[in-house]
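# Observations on the model geometry
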Amino acid sequence: MFFLIKDEISKSLAHLTNLPKEEILKTLEPSKFCHLTSKIAFLMKGKPPENSQKLADSFPKHKYIKRAEAKGPYLNFFFSESFFSEFLSSPKISFPKTNHDVIVEYPSVNPNKPWHVGHLRNALLGDSVARILSFTGCSVLRMDYIDDLGLQVAQSIWGFENLPKNKPPKKFDHFLGEQYVQVSSKLEEIKEEVVSILHELESGTPKAKKWRKDIVEPCLKAQYQTSFSYNVYHDFLIFESDIMKEVFQKGIELIKSKKGIVFEKEGKNKDCWVVKLSEEFKGMKDADKILIRSNGTATYTGKDLIFQLWKFGEFQEFNYKEFLSQPDSTKAYMSSEKGEKKQAHGADIIINVIGREQEYPQLVIKKVFEKIGMKERAENYKHLSYAPARLPESSFSGRKGTWKGYTADELLEESYKREMQKIGEISNKKENAEKIALSAIRYSFLKIDADKIITFNWDEALALEGNSAPYILYTYVRAKKILEKIQPPELLEFSLNSEEENLLLHLLKFKEIIRKTSKDLRPNYLADFLYEAAVFFNKFYSTSRVIDNGELVPHRACIVKKYFEYCSLSLSLLGLSPPEEM
RNA sequence: GGGCCCGUAGCGCAGCCUGGAUAGCGCAGCAGCCUUCUAAGCUGACGGUCGAGGGUUCAAAUCCCUCCGGGCCCGCCA
């Protein structure tokens, strides 16, 4: 609707001024002084206020425009009732299916510790982006990369085999996480043993298979319990050990065959396969990046490149086994030696949610795609980077154990506790409290721009008032309760008060917000929209009764319905769970 | 040596991409509003050299440059 009216106005203005319609479209914006304003007068010859006045005087009649008026240099438009009326009776919003296949990867936490608030930030961003892209018509695969061959897992295996198993832990990921801290502190003494575990893992020995079954997979299941409690879901878990078996050698051969990747015959990188990036990273001492070492193995970047190539559809498919049935009624599959074939790769857009400290290696991968002639791949390879979550005095370190007390599980527990304190310990409200508790955390993370460091603070993460999920959910419930009381009314003639108008004008922006959110991969835009919509609704609610002395006011009922539609939709796109009551 | 991100009210943030009307919001603190659809709400007042300086422009929180403060990255490691 909003686009439609902008388009109509631009057409008329293009006719009046001979300026290109696209230029005019850009000058049209919502404004607090009117319904829509144009700065077109600045683009024309002559004095802006005079231009503006002329345009206002000669603006043609249109059924959607009540009036056009010059205010200094600005040209202000006011919408007609019939425009609002059409908006109120417009069908539910949806986007047409696109032919984009997107893989979103998150949070790829090492399978040897519980998620802490930093991992949670990653997971929430990824999950929300996946939801939003899926809504905009993309077909989306939610992927988790499992580094089951790394040094961290090897250390945890050592700990599992050698440390005393005292009391059985509540949750396996927490148990492993604490063991890992112990192992890390004495890494020097046990280094050789850890390295030999690492070798077993890399060669995929029977022992390695047993460890995967006894340690890695149970840890993942424990982590996924956390994930589910936050409404975070996946379609595929890809284990590095399976990549190793299935595509690794082929990947190395493929890299070697690519034009743009060179074999160094001399110098410090002698006998390595290297991508030359001195043009791309000017001023860097040594911008060349080794992909394959002189001993023939791939570097971290080389491995990652192979994995990303796999996602884009190079190499064959793996086998998969069902990993878990998820509460959103989808199933998560994990790569596996045996199992069924499934289509888990072949995307044309890849989004990796990775901390911004890995910006450089991610950029390198993008540049390699360009270098080897995969221009389009490079463009569609996206790093959703985010700043860390940290504590006032330290960052989160798995090794040092600074995450203790700040795991995602503990965070949710505390949130639930605070919510229960607020509503009182009444058992039939437990389910609602859980929804509010998880929404509070999700929202407090998602509303912050991904480039901003989150310094973790209990009161902010778990706020129950103001700009918070509980505020939004409360507003949602208010609207829902009204709708439960009424029958869908027939829309009669009406005029709008300013609270009604402001709410509708805000809701009109939804589609553009969604576009922006999915283009920039910034869920906080949508979070803002949702919050502001709630603010406008509450102002409307406090001034404009829908059921006035027992009489239903039809257009207000329609407004509530519209708000409820957009609110529910936005909540689900951000993975927030509305309660039945508050 | 090179590169990236952040700096807006006491605190936490939005606005910056795409320059335009009195710079928005939440928390904290102050003053009000519950016989009517849920007060987790609403209203009012208070609070700002938009890190600093320069430039571009009719117009700069927004674009460009320099500087300051905070964080991060640049291994045949993972």
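Residues numbered from 1 in each chain as written. Chains lettered and ligands numbered in written order. Predicted model: local features only at pLDDT ≥ 70, side-chain atom pairs only at ≥ 80, totals over all residues. Heavy atoms only, no water.

Here we come to the sheet that holds strand β11 (residues 319-325). What the eight strands build is an open sheet, ordered β13-β11-β12-β7-β6-β5-β14-β15; its pairing is mixed. Of all strands in the sheet, those with a lone pairing partner are β13 (340-341) and β15 (381-386), marking the two edges. Relative to strand β7 (residues 236-239), strand β6 (residues 139-146) is paired through four bridges, and the arrangement is parallel. Among the inter-strand pairings, Asp 144 is bridged to a residue of β7, identified as Leu 237. Of the strands in this sheet, β14 (349-355) and β15 are in contact with helix α13 (residues 359-371), which crosses β15 at around 170°. (Pairing = 2+ DSSP bridges. Helix = DSSP H or I, 4+ residues; strand = E, 2+ residues; numbered from the N terminus. Contact = heavy atoms within 4.5 Å. Axes fitted to C-alpha atoms, helices over the stretch in contact; angles between N-to-C directions.)

This part covers the side chain of Asp 148. Position of Asp 148 among the secondary structure elements: in the loop between β6 and α6 (151-162). Lacking a salt bridge, the buried Asp 148 has Arg 212 as its closest oppositely charged neighbour, with an N-O distance of 4.4 Å. A polar contact of 2.6 Å, which involves the side chain of Asp 148, links it to the side chain of Ser 241. For Asp 148, the contacting residues outside a window of four places in its chain are Val 153, Leu 201, Arg 212, Val 216, Phe 239, Glu 240 and Ser 241. (Buried < 20%, exposed > 50% of the residue type's maximum accessible area, 1.4 Å probe, protein only. Lys, Arg positive; Asp, Glu negative; His and termini not counted. Salt bridge = Lys/Arg side-chain N within 4 Å of Asp/Glu carboxyl O. Polar contact = N/O pair within 3.5 Å; in protein donor to acceptor, adjacent residues only side chain to side chain.)

Quick look at the nonpolar core now. Generally speaking, soluble globular proteins have nonpolar side chains that are buried together. If you look at the biggest cluster of nonpolar residues, it comprises 109 residues, and the most contacted ones within it are Phe 77 and Phe 510. Considering each element in turn, this core owes the most residues, eleven residues, to helix α22 (residues 554-573). Those residues in contact with Phe 510, other than ones at most four positions away along the chain, are Ile 93, Phe 135, Leu 526, Phe 529, Tyr 566, Leu 569, Ser 570 and Leu 573. Membership of the second largest hydrophobic core comes to 41 residues, among which are Tyr 145, Ile 243, Ile 252 and Ile 255. (Core = buried A, V, L, I, M, F, W, Y, C linked by side-chain atoms within 4.5 Å.)

Tyr 74, Arg 293, Lys 452, Tyr 474 and Lys 516 are the nearest of the 59 residues found near RNA strand B. Among all atoms of RNA strand B positioned within 4 Å of the protein, those belonging to sugar or phosphate total 63%. In the environment of RNA strand B, a base nitrogen lies 3.4 Å from a nitrogen or oxygen atom belonging to the side chain of Ser 31. Interatomic distance of 2.6 Å between a backbone N/O atom of Tyr 541 and a base nitrogen of RNA strand B. Listed by contribution, the elements that provide at least two residues to the surface near RNA strand B are β4 (74-79), α13, α15 (408-423), α18 (469-485) and α21 (523-543). Along the lines of polarity and charge, the residues of the surface near RNA strand B split into 23 nonpolar, eleven polar and 25 charged. (Near = heavy atom within 4 Å. Nonpolar A, V, L, I, M, F, W, Y, C, P; charged D, E, K, R; others polar.)

A word on the packing of aromatic side chains. Counted according to the given criterion, the structure contains 34 aromatic pairs. Consider the rings of Phe 369 and Tyr 381, whose centres lie 5.6 Å apart with planes at 55°: the pair is tilted. Taken as a pair, Phe 369 in helix α13 and Tyr 381 in strand β15 lie far apart in primary sequence, twelve residues in all. With respect to burial, Phe 369 and Tyr 381 carry one shared label: buried. Put simply, the rings of Tyr 145, Phe 236, Phe 307, Trp 310, Phe 318, Tyr 320 and Tyr 333 touch in pairs and so form one group of aromatic residues. Over the ring of Phe 78 we find Arg 67, and its NZ or CZ is 4.0 Å from the ring centre. (Phe/Tyr/Trp six-rings, centres within 6.5 Å; stacked < 30°, edge-to-face > 60°. Lys NZ or Arg CZ within 6 Å of the ring centre and 35° of its normal.)

Before going further, it helps to examine unusual backbone geometry. A negative phi angle is the norm for most residues apart from glycine, just as the trans form is the norm for most peptide bonds. In this chain, Tyr 106 is followed by Pro 107 through a cis amide linkage whose omega measures -25°. On the secondary structure map, Pro 107 appears in the loop between β5 (101-105) and α5 (117-135). Not every positive phi belongs to a glycine, and Asp 271 is a case in point at roughly 70°. Classification of Asp 271 by relative accessible area gives partly exposed; the value is 32%. Phi is positive for Asn 549, close to 50°, though the residue is something other than glycine.

What follows concerns the sheet that holds strand β3 (residues 65-71). Pairing is antiparallel across the open sheet formed by four strands, whose spatial order is β1-β2-β4-β3. Single-partner strands in this sheet number two, and they are β1 (28-29) and β3. Of the strand pairs in this sheet, β1 and strand β2 (residues 36-38) are connected by two bridges, and their pairing is antiparallel. The partner of Leu 28 across the bridge, within β2, is Ser 38. Here helix α3 (residues 48-58) sits on the sheet in contact with β3 and β4, set at roughly 160° to β3.

Moving on: the packing of α6 against helix α7 (residues 172-185). With their axes 9 Å apart at the nearest point, α6 and α7 run at an angle of 95° to one another. Between α6 and α7, the crossing angle belongs to the class labelled roughly perpendicular. Together, Gln 152, Gln 155, Ser 156, Trp 158, Gly 159 and Phe 160 of α6 and Phe 172, Phe 175, Leu 176, Gln 179, Tyr 180, Val 183 and Ser 184 of α7 make up the contact between the two elements. The class makeup of the residues in the contact of α6 with α7 is seven nonpolar, six polar and no charged. (Parallel < 35°, antiparallel > 145°, perpendicular 65-115°, else oblique.)

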